[in-house]
Amino acid sequence: MSTATNTFENVKATILLAHKSSTSREKSNFYNSWANNYDQDVAVLDYRAPSLAANSISSHFSGNREAAVVLDVACGTGLVAKQMRRHGFGHFVGIDGSDAMLELARKSGLYQDLKLSMLGDEPLPVQWGLFDVVVIVGALSLGQVPVDVVRELCKSTKPGGYVCMTTRSNLTNKEYKAALERELKQMEEEGLWACVEVTEVEDWERAVSEQEDGYISGAVYMYKKL
Ligand SMILES: C[S@@+](CC[C@H](N)C(=O)[O-])C[C@H]1O[C@@H](n2cnc3c(N)ncnc32)[C@H](O)[C@@H]1O
């Protein structure tokens, strides 16, 4: 593992490279090559989405945290489980499309089970209705996890369980975010879940696109499965 901290300009160049990946193979190659520097690089970006999602889950979940089973979709190296562990959650299953990311998640020792799966190409590899909490952070955006996968996140949740999702609210993700919100609302109208809270956060992370500077905003969505 690399120990030197990257500069903001280097991290920005890395992420702009990710935007050039279009096929699933390019996507997994990109994350495989980024895995060892990922935690340090996202710290340079002041990436707070895992802790914001964990705080939101913690403020709504009233069950037994040690016993609850959490599905961490697009788990990466395990930053979300690490934050949720601080709030008392103890059982995690992780899914990701990059085997190098999964290897680091495995080394974190936080997950009971980890599965390799490229969502959008294949169905979520879990049993429906099993999880107390399903969380997806930093992966609902253009070129990553397609919007329609949120239906599978809902299916994998126990009735009464929670689904926590995040997305970016910046220019480059505007259309994706609008499509995501249409799908979330449609599913609510179908009686699949109820919206518990939507939190828009201004200082989500440092901007990396050419059109923006400073901080971009983002959102955390909490839904309760009916
Ligand atoms: C920005 S990282 C977020 C990781 C972690 N959730 C976090 O917040 O640190 C995005 C992760 O999503 C995974 N990913 C992107 N698209 C995916 C897809 N279609 N199916 C499965 N995993 C995907 C990548 O491999 C990567 O680990």
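In this text the structure is predicted, and so the values were computed from the model without any measurement. (Residues numbered from 1 in each chain as written. Predicted model: local features only at pLDDT ≥ 70, side-chain atom pairs only at ≥ 80, totals over all residues. Heavy atoms only, no water.)

Student: It is not clear to me how the packing of aromatic side chains should be interpreted in this structure. Could you clarify?
Tutor: Between two aromatic rings, the relevant description is the distance of the centres plus the angle of the planes. In the structure shown here, the tally under the stated rule is eight aromatic pairs. Taking 5.5 Å as the distance between ring centres and 40° as the angle between the ring planes, the aromatic pair formed by phenylalanine 30 and tryptophan 34 counts as tilted. Residue phenylalanine 30 and its partner tryptophan 34 are located together in helix 2 (residues 24-44), separated by four residues, close to a single helical turn. Residue phenylalanine 30 shares its accessibility class with tryptophan 34, and that shared class is buried. Taken together, a centroid distance of 5.2 Å and an interplanar angle of 65° make the contact between phenylalanine 61 and phenylalanine 89 edge-to-face. (Phe/Tyr/Trp six-rings, centres within 6.5 Å; stacked < 30°, edge-to-face > 60°. Helix = DSSP H or I, 4+ residues; strand = E, 2+ residues; numbered from the N terminus. Buried < 20%, exposed > 50% of the residue type's maximum accessible area, 1.4 Å probe, protein only.)

Student: Got a minute to help me understand the pattern of salt bridges in this structure?
Tutor: Pairing is possible between side chains that carry opposite charge, provided their charged atoms lie close to one another. A full pass over the atoms with the stated rule returns ten salt bridges. Between arginine 151 and glutamate 183 there is a salt bridge, and its shortest N-O distance comes to 2.9 Å. Separated by 32 residues along the polypeptide, arginine 151 in helix 6 (residues 149-155) and glutamate 183 in helix 7 (residues 174-189) bring together distant segments of the chain. What makes arginine 151 partly exposed here is its relative accessible area of 25%. A salt bridge links glutamate 200 to lysine 177; the shortest N-O distance between them is 2.7 Å. With glutamate 200 in strand 6 (residues 193-206) and lysine 177 in helix 7, the pair connects residues that are 23 residues apart, well separated along the chain. In this structure lysine 177 comes out as buried when scored by relative accessible area, which is 13%. Through salt bridges with shared partners, a single ionic network connects Arg151, Glu183 and Glu190. (Salt bridge = Lys/Arg side-chain N within 4 Å of Asp/Glu carboxyl O.)

Student: Looking at this structure, how should I read the side chain of glutamate 152?
Tutor: Counting through the fold element by element, glutamate 152 comes out in helix 6. For the buried glutamate 152, which has no salt bridge, the nearest side chain bearing the opposite charge is lysine 155, at an N-O separation of 6.1 Å. (Lys, Arg positive; Asp, Glu negative; His and termini not counted.)

Student: How should the site of the ligand be read in this particular structure?
Tutor: Close to the ligand lie 22 residues; Tyr38, Tyr47, Ala74, Asp96 and Val137 are nearest. Separating an oxygen atom of the ligand from a side-chain N or O atom of tyrosine 47 is a distance of 2.6 Å. Within the contact set of the ligand, a nitrogen atom lies 2.8 Å away from a backbone nitrogen or oxygen of leucine 119. Mapped onto the shell around the ligand, the elements with two or more residues apiece are helix 2 and helix 4 (79-86). (Near = heavy atom within 4 Å. Polar contact = N/O pair within 3.5 Å; in protein donor to acceptor, adjacent residues only side chain to side chain.)

Student: Is there a simple way to explain the side chain of arginine 168 in this structure?
Tutor: Considering the arrangement of structural elements, one finds arginine 168 in strand 5 (residues 157-168). Of the buried charged residues, arginine 168 lacks a salt bridge, with glutamate 205 as the closest side chain of opposite charge at 4.2 Å. Here the side chain of arginine 168 touches asparagine 170 through a polar contact of 3.0 Å, side chain to side chain. Sequence-distant contacts of arginine 168, that is, excluding residues within four places in its chain, are made with Ser141, Asn173, Lys177, Trp204, Glu205, Ile216, Ser217 and Gly218. (Contact = heavy atoms within 4.5 Å.)

Student: Any chance you could explain helix 4 here in plain terms?
Tutor: Residues lying three or four places apart along an α-helix face the same way, a consequence of the helix completing one turn every 3.6 residues. All buried positions along helix 4 are accounted for by Leu79, Val80, Ala81, Gln83 and Met84. Where the residues of helix 4 are buried, they touch helix 2, helix 3 (49-60), strand 1 (69-73), strand 2 (91-96), strand 3 (111-116) and strand 4 (131-136). Positioned one or two residues after helix 4, glycine 88 has a phi angle of 100°, which is positive.

Student: Could you clarify how one ought to interpret the sheet that holds strand 2 in this entry?
Tutor: To summarise the sheet geometry, strands pair through backbone hydrogen bonds and adopt either a parallel or an antiparallel arrangement. Taking strand neighbours across the sheet as the criterion, the seven strands line up as 3-2-1-4-5-7-6 in an open arrangement whose pairing is mixed. The open sheet terminates on both sides in strands that have one partner only, identified here as strand 3 and strand 6. Each strand of the sheet is rotated relative to its neighbour by a mean of 15°, with strand direction disregarded. By the bridge criterion, ten bridges tie strand 6 to strand 7 (residues 215-225) in an arrangement that is antiparallel. Within the sheet, the bridge partner assigned to tryptophan 193 lies in strand 7 and is lysine 225. Taken strand by strand, helix 5 (residues 99-108) contacts strand 2 and strand 3, and its axis lies near 175° from that of strand 3. (Pairing = 2+ DSSP bridges. Axes fitted to C-alpha atoms, helices over the stretch in contact; angles between N-to-C directions.)

Student: What should I look at first to understand the nonpolar core in this one?
Tutor: One broad trend across soluble globular proteins is that nonpolar side chains are buried collectively. Grouped together as the largest cluster of nonpolar side chains are 43 residues, with contacts concentrated most on Ile57, Met84, Phe89 and Val135. Discounting chain neighbours no more than four positions away, the residues touching methionine 84 are Ala54, Ile57, Val70, Phe89, Phe92, Val133 and Val135. Listed in part, the 29 residues of the second largest apolar core include Leu140, Met187, Ala219 and Tyr221. (Core = buried A, V, L, I, M, F, W, Y, C linked by side-chain atoms within 4.5 Å.)

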